[in-house]
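Examination of the molecular architecture
Residue strings, one per chain:
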Amino acid sequence: MNASGYIGRFAPSPTGQLHMGSLLAAVASWCDARHHGGEWRVRMEDLDPPREVKGASQDILATLEAFGLLWDGPVVWQSRRLTRYQDALSDLRRRSRVYPCSCTRRELAGHLVYPGHCRTGLPVGKEGRLVRFKMESGDVTWQDLILGQLSMDPLSLGDFPVLRADGFWAYQLAVVVDDMAQGITHVIRGADLLDSTPRQIQLWNALQSASNLDLASTAMPRFGHVPILENERGQKLSKQTRAKPVNAEKASEQILQVLSCLNQDTGDGELLARVREKAPVQVLKRAAELWRRIDVPSQSIESHG
Ligand SMILES: [Zn+2]
């Protein structure tokens with residue numbers, strides 16, 4: 001543990017190369033961690049082999065290095081931590097916080113939120129296909145580091161899978177188990193993940209007294225959500241909307257571009273001067289000194305950079 005007690009993280013999925021949207025999340029969490037004298041960890045969320053792109057993890061790590069987004073400690077690979085998720089599931093089962101669900105995609109067609117068909121038991125003659133976490137009622141409230149106080153009704157989110165029908169671990173469970181195991185204190189990420197926060201808070205509360213998990217921290221991390229980048233059509237930049245990968249040869253310029261989307265102070269041209277020197281590490285270093293947690297709306301950005 002560092003003197004500041006701050007441990008942040010960036011957790012990409014190896015489903016493609018980093019694009020401007022993921023760069024923005026990485027720069028924001030890196031600057032927030034460094035500004036507060038904290039550590040910044042990288043965790044590869046490689047739990048979805050069908051969606052993985054060969055070579056993407058190594059490409060992402062090389063890109064982070066080229067952009068000067070250097071991390072502390074070893075990279076954590078979720079695919080090597082499967083027994084941890086199994087232990088967490090066993091614990092949730094003991095506490096009756098999860099239940100088997102037999103519903104197929106077709107049976108749930110038309111429902112935006114899981115309607116709770118299997119919450120009180122599987123329908124007669126049906127078998128469990130996946131495992132869902134039981135959300136407790138009562139608003140989930142947190143003090144967001146960037147957006148201020150937020151509150152969400154868990155019933156508007158519904159019970160979500162922790163173990164998928166295809167046998168792979170679901171995102172939410174793995175994230176919480178690993179944040180706990182790594183002692184993450186601050187989660188700075190895109191506002192597209194706002195819906196995940198109440199789910200993760202409830203999972204965290206359910207797991208924090210688990211005795212079979214080797215947990216570095218049982219204190220809930222602080223959450224901060226930065227704006228997401230959109231293309232000219234107002235779609236979130238993502239692999240699905242075919243966002244172009246970032247360009248390591250323009251690392252300094254692209255860092256400056258995301259900082260301006262985050263409405264950050266560019267130090268009276270000081271950052272621009274460092275951009276001209278093509279020194280991404282120096283751009284980031286100064287950006288971290290100037291870093292402020294501020295609420296800005298989603299930003300539109302040219303996706304063909
Ligand atoms: Zn069901």
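As a starting point, this report considers the structure included with it. (Residues numbered from 1 in each chain as written. Predicted model: local features only at pLDDT ≥ 70, side-chain atom pairs only at ≥ 80, totals over all residues. Heavy atoms only, no water.)

1. Points about the pairing of strand β1 (residues 7–10)
Because side chains alternate across β1, one face comprises the buried residues Ile7 and Arg9, and the other comprises Gly8 and Phe10, equally buried. Sheet topology note: the β1/strand β2 (residues 39–44) ladder contains four bridges and is parallel. Note that in β2 the partner of Gly8 across the bridge is Trp40. Assessed by its sense of winding, the connection that carries the chain from β1 through helix α1 (residues 20–35) to β2 is right-handed. (Buried < 20%, exposed > 50% of the residue type's maximum accessible area, 1.4 Å probe, protein only. Helix = DSSP H or I, 4+ residues; strand = E, 2+ residues; numbered from the N terminus. Pairing = 2+ DSSP bridges. Right-handed = clockwise from strand over helix to strand, strands pointing away.)

2. A word on the packing of helix α6 (residues 251–261) against helix α8 (residues 280–290)
Closest axis-to-axis distance for the α6/α8 pair is 8 Å, and the angle between their directions is 20 degrees. Classified by the angle their axes make, α6 and α8 are roughly parallel. When you trace α6 past α8, the crossing you get is right-handed. For the pair α6 and α8, contact is made by Ala251, Ser252, Ile255 and Leu259 and by Pro280, Val283, Leu284 and Ala287, respectively. Residue classes in the contact of α6 with α8 are distributed as seven nonpolar, one polar and no charged. (Axes fitted to C-alpha atoms, helices over the stretch in contact; angles between N-to-C directions. Parallel < 35°, antiparallel > 145°, perpendicular 65-115°, else oblique. Left-handed = near helix turned anticlockwise from the far one by under 90°. Contact = heavy atoms within 4.5 Å. Nonpolar A, V, L, I, M, F, W, Y, C, P; charged D, E, K, R; others polar.)

3. Some points on the packing of aromatic side chains
Tallying each qualifying case throughout the model produces three aromatic pairs. Residues Phe10 and Trp40 carry aromatic rings whose centres are separated by 5.9 Å and whose planes lie at 15 degrees to one another, so their mutual orientation is stacked. Of the two residues, Phe10 is situated in strand β1 and Trp40 in strand β2; the sequence distance between them amounts to 30 residues. Using a relative accessible area of 7% as the deciding quantity, one classes Phe10 as buried. Relative accessible area serves as the criterion here: at 0%, Trp40 is assigned to the buried category. The ring of Tyr114 carries the charged tip of Arg132 above its face, separated from the ring centre by 3.6 Å. (Phe/Tyr/Trp six-rings, centres within 6.5 Å; stacked < 30°, edge-to-face > 60°. Lys NZ or Arg CZ within 6 Å of the ring centre and 35° of its normal.)

4. Describing α8
Those residues of α8 not exposed but buried are Pro280, Val283, Leu284, Arg286, Ala287, Ala288 and Leu290. Tucked inside the fold, the buried residues of α8 contact α1, α2 (56–66), α6 and α7 (270–276).

5. Notes on the coordination of the zinc ion
In the first shell of the zinc ion, the protein supplies Cys101 (SG), Cys103 (SG), Tyr114 (OH) and Cys118 (SG), at 2.1 to 2.3 Å from the metal. Sequence positions of the residues that donate to the zinc ion give the spacing C-x1-C-x10-Y-x3-C. One end of the pair, Cys101, is in strand β4 (residues 98–101); the other, Tyr114, is in the loop between β4 and β5 (130–133), and 13 residues separate them in sequence. When its relative accessible area of 11% is taken as the criterion, Tyr114 is described as buried. (Donors = N, O, S within 2.8 Å, 3.2 Å for Na, K, Ca; no water.)

6. Focus on unusual backbone geometry
A positive phi angle, close to 55 degrees, is found at Ser96, a residue other than glycine. Take Ser96: it is sitting in the loop between α3 (82–94) and β4. One non-glycine residue, Asn263, adopts positive backbone phi at about 60 degrees. By secondary structure assignment, the location of Asn263 is in the loop between α6 and α7.

7. Digging into the environment of Lys134
Following the sequence through the fold, Lys134 ends up in the loop between β5 and β6 (140–144). As for Lys134 and Val98, which are separated by 36 residues in sequence, their C-alpha atoms are 5.5 Å apart. Leave out the neighbours within four places in its chain, and Lys134 touches Ser96, Arg97, Tyr99, Arg119, Asp159 and Gln202.

8. Observations regarding the sheet that holds β2
Paired through backbone hydrogen bonds, the strands of a sheet run either parallel or antiparallel to each other. Spatial ordering of the open sheet is given by β1-β2-β3, a layout of three strands whose pairing is parallel. Each edge of the open sheet carries a strand with a single partner, namely β1 and β3 (76–77). Together, β1 and β2 form the strand contacts of α1, whose direction differs from that of β2 by roughly 145 degrees. Sheet strands in contact with α2 are β1, β2 and β3, and its direction is about 160 degrees off that of β2.

9. Let's talk about the environment of Phe67
Mapped onto the fold, Phe67 is located in the loop between α2 and β3. Along the primary structure Phe67 and Gly8 are separated by 59 residues, whereas in three dimensions their C-alpha atoms are 18 Å apart. In this structure, Phe67 is in contact with Leu23, Val246, Asn247, Ala248, Ala251, Gln254, Ile255, Pro280 and Leu284, ignoring residues within four places of it in sequence.

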